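# Survey of secondary and tertiary structure
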Amino acid sequence: MKISSFAFVSILVFSISISACASTPLPESGEKSPAPQTEKKVEVKKTPDVIFVEKLQSALEKGDLEGAIDHFASIPDELKDNSEMKILHASLLLSANRTKEAAEIAGELKASDPSNKEVLELSAQIALASGDSQAQNAALKQLLASDPNNAAANIILGDQQQLKKKYKLALNNYKRALISEPENHDALYGYGKMCWYTGDFKSAKDTFQKMYDIDNKDTTALSYLGKLAAEDENYKVAIDYVEKAIKLEPETYDFFLDYGSYLRNVGRYADAEKAWTKAIQIEPDYFLGYAYRAGLYDEQDKFKQALQDYHMVVKTNPAYYFAYEEIGILEFHEKNWAVARAAFSKANSIKSQTAYQLMIMATYIMENNHFEAKKLAQTVMKNMNKESLDYKMIRLYHDQGPVNAENTISAALEKESDKTKRGKMLYYFALFYQMRGSDAIAKEYYSKVTKMQTPLFFEYRLAEWAEKEL
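These remarks concern the structure in this document.

Quick notes on the rules
- Residues numbered from 1 in each chain as written.
- Predicted model: local features only at pLDDT ≥ 70, side-chain atom pairs only at ≥ 80, totals over all residues.
- Heavy atoms only, no water.
- Phe/Tyr/Trp six-rings, centres within 6.5 Å; stacked < 30°, edge-to-face > 60°.
- Helix = DSSP H or I, 4+ residues; strand = E, 2+ residues; numbered from the N terminus.
- Buried < 20%, exposed > 50% of the residue type's maximum accessible area, 1.4 Å probe, protein only.
- Salt bridge = Lys/Arg side-chain N within 4 Å of Asp/Glu carboxyl O.
- Core = buried A, V, L, I, M, F, W, Y, C linked by side-chain atoms within 4.5 Å.
- Contact = heavy atoms within 4.5 Å.
- Axes fitted to C-alpha atoms, helices over the stretch in contact; angles between N-to-C directions.
- Parallel < 35°, antiparallel > 145°, perpendicular 65-115°, else oblique.
- Left-handed = near helix turned anticlockwise from the far one by under 90°.
- Nonpolar A, V, L, I, M, F, W, Y, C, P; charged D, E, K, R; others polar.
- Lys, Arg positive; Asp, Glu negative; His and termini not counted.
- Polar contact = N/O pair within 3.5 Å; in protein donor to acceptor, adjacent residues only side chain to side chain.

## Observations concerning the packing of aromatic side chains
All chains considered together, the criterion is met by 24 aromatic pairs. Measuring from centroid to centroid gives 4.9 Å for Tyr-167 and Tyr-197, while their planes differ by 65°, and the two rings are edge-to-face. Here Tyr-167 is found in helix α10 (residues 167-180), whereas its partner Tyr-197 is found in helix α11 (residues 185-197), with 30 residues between them in sequence. Given the relative accessible area of 24%, Tyr-167 is considered partly exposed.

## Focus: the pattern of salt bridges
Counted by the stated rule, this structure contains 20 salt bridges. The salt bridge partner of Glu-54 is Lys-46, with a shortest N-O separation of 3.0 Å. Owing to a relative accessible area of 44%, Lys-46 belongs among the partly exposed residues under this scheme. Three or more residues are tied together by salt bridges with common partners; here these are Glu-66, Arg-98 and Glu-101.

## Describing the nonpolar core
Note that soluble globular proteins tend to have their nonpolar side chains buried in a common cluster. In terms of nonpolar packing, the biggest core is built from 113 residues, with Phe-332, Met-393, Tyr-397, Tyr-427, Tyr-428, Leu-431 and Phe-458 touching the most fellow members. If near-sequence neighbours (up to four positions away) are discounted, Phe-458 is found in contact with Glu-325, Ile-329, Phe-344, Ala-355, Tyr-356, Met-359, Lys-424 and Tyr-428. Listed in part, the 25 residues of the second largest apolar core include Ala-68, Ile-69, Leu-88 and Ile-126.

## As for unusual backbone geometry
Non-glycine residue Lys-165 carries a positive phi angle of around 65°. The topology assignment puts Lys-165 in the loop between α9 (151-163) and α10. The backbone phi angle of Glu-233 is positive, close to 65°, even though this residue is not glycine. Tracing the sequence through the fold places Glu-233 in the loop between α13 (219-231) and α14 (235-248). When its relative accessible area of 59% is taken as the criterion, Glu-233 is described as exposed.

## Considerations on the packing of helix α5 (residues 83-95) against helix α6 (residues 99-112)
The N-to-C vectors of α5 and α6 enclose an angle of 160°; their axes lie 8 Å apart at closest approach. Classified by the angle their axes make, α5 and α6 are roughly antiparallel. Of the two elements, α5 crosses α6, and the hand of that crossing is left-handed. Taking contact as the criterion, the partners of Ser-83, Lys-86, Ile-87, His-89, Ala-90, Leu-93 and Leu-94 in α5 are, on α6, Thr-99, Glu-101, Ala-102, Ile-105, Glu-108 and Leu-109. Across the contact of α5 with α6, the residue classes break down as 7 nonpolar, 3 polar and 3 charged.

## A few points about the side chain of Glu-331
Structurally, the position occupied by Glu-331 is in helix α19 (residues 321-333). As a buried residue without a salt bridge, Glu-331 has its nearest oppositely charged side chain in Lys-304, at a separation of 10 Å. Of the polar contacts made by the side chain of Glu-331, one reaches the side chain of Asn-336; its length is 2.7 Å. Leave out the neighbours within four places in its chain, and Glu-331 touches Leu-307, His-311, Asn-336, Val-339 and Ala-340.

So, in C-alpha cells, the structure goes:
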C-alpha cells in the first residue's frame, strides 16, 4: 500500500518549518548587520526535532519503511503530541500492513479532533484495509458531507465500483476526485483506466499522457500509453513506451508480459521469447508467462517446449482449463495417449463438453482399451438427447461401427448448419475411421475439415496433422 500523500506533505512541512526555526536569528531593528567573515563559518546546532525529521526523511528516501517506523521510538518530546507526526506515523504503519497499530493512533487523533479531514481520510483507509465496512462508510459519509469532491473518499469509492465492474460509476468517482485534486496520481490512474474500459480511448490516452507530463518517470503512465498504442496496432510505439518503463523498473513482471506481446506482433519471436522468459524468472510461480511463451512455441511447432510450458501453467494455476486442452492436443499429437487422456479428463472436469469426452474415448481406443471407452460412453449417454448429433457420435464410438449408425451420422453432418459444430464432428467421424483402419475414408473427412475457412475449434489442428500423416 502506498503512503498517503498527506503524510509526505506533513513531513515536508515539518522539515521546512523546523529548518527555519533552527536558522541563525536576524538582527533586531536598528542593529547593524555584522560584517561578512569569509574565513569563519558559523555552525548552527541542530535541535532534536530537526535531527529526528532529517533522519526520518533519509529513511523514506531510501525506501526503508520499517526503519522509518522504528525511528518513531526516538521521537523527541517536542513532536510527540503533534497531530501531523501522528498522522505520518499511522500512515507508515498502514503502508507496512500494521493495521491494528495504525488504527490505535487514528482513534486517538479522531477523539481529539473528530472533524479533521486528514484524520478522516486516514480512518477510511485503515477501515478499508481492515475490512471494517461500517467504519469506512461512516468516515466516507463524513468526508463527502463536507466536500462531495473529496479526493480520498472518491478514490476509495471509485476503486470499489471498479472491483464490481461498475465502470461508469467508478469513472464518475474519479472525475469528482480530480475536481479537488487535478494532479492526484491515483485519481488520474483510475480515471484513465475507466476511460479505457468504457471505450473512450482518447480521454484515456490524454489522462495517461498528463500523468507522464507530470512525472516522466511514471511507469504506470508509460505502461498504459503502451497498451493504448497496441490497441491501435501501433506496436512499435507500444514497444518504445514499455522499454522506457522497463528501464525504470527492470523487475516488473507485467511490463515483460506486455513487451513480449508487442514483440510477437511485429514478428520478433526470439525477442518475445526472451521477454516472457524474463517474466518467468521474475515470478516463476505465476502462470501467464508460461502460457504466453507456450503459445509462442506452439505457433512455431516447437511442441516439446510448448508442452513443458503448458505443464507449468497447470502446475501454477490448476484451474486454467484451456492449458489442459492444449496439453491434451499436443500429447495426442505425440501419441502419448495416457497423458493426453489425463489432460482432457481434467479439462472435462472443469468445463464438461462432448469434444473432451470423445477425445478421452479415442485415447482408450488407441490403447485397445475398448472396455473403458464403452464405460465412459455409457455414463455420458445417460443424460443426452438421443436425437442430437453429439449423442450419435458418442454412440458410434461406443458401438465401434454399425453401418446404419455411420450412414445416420453422415446424413446428420450434411444437415448441420452450425459451422463449428459440423467441423468438430467431421473430425471425430474421420478419427473414427482412422482408428478402425479405414485410412482412405478418414483422409476424405479430414480434408473436409481442413478445407473449412476460419476454423474456431481445436480439432482443426488435429485434422491437419492427421491428414499429413495419412
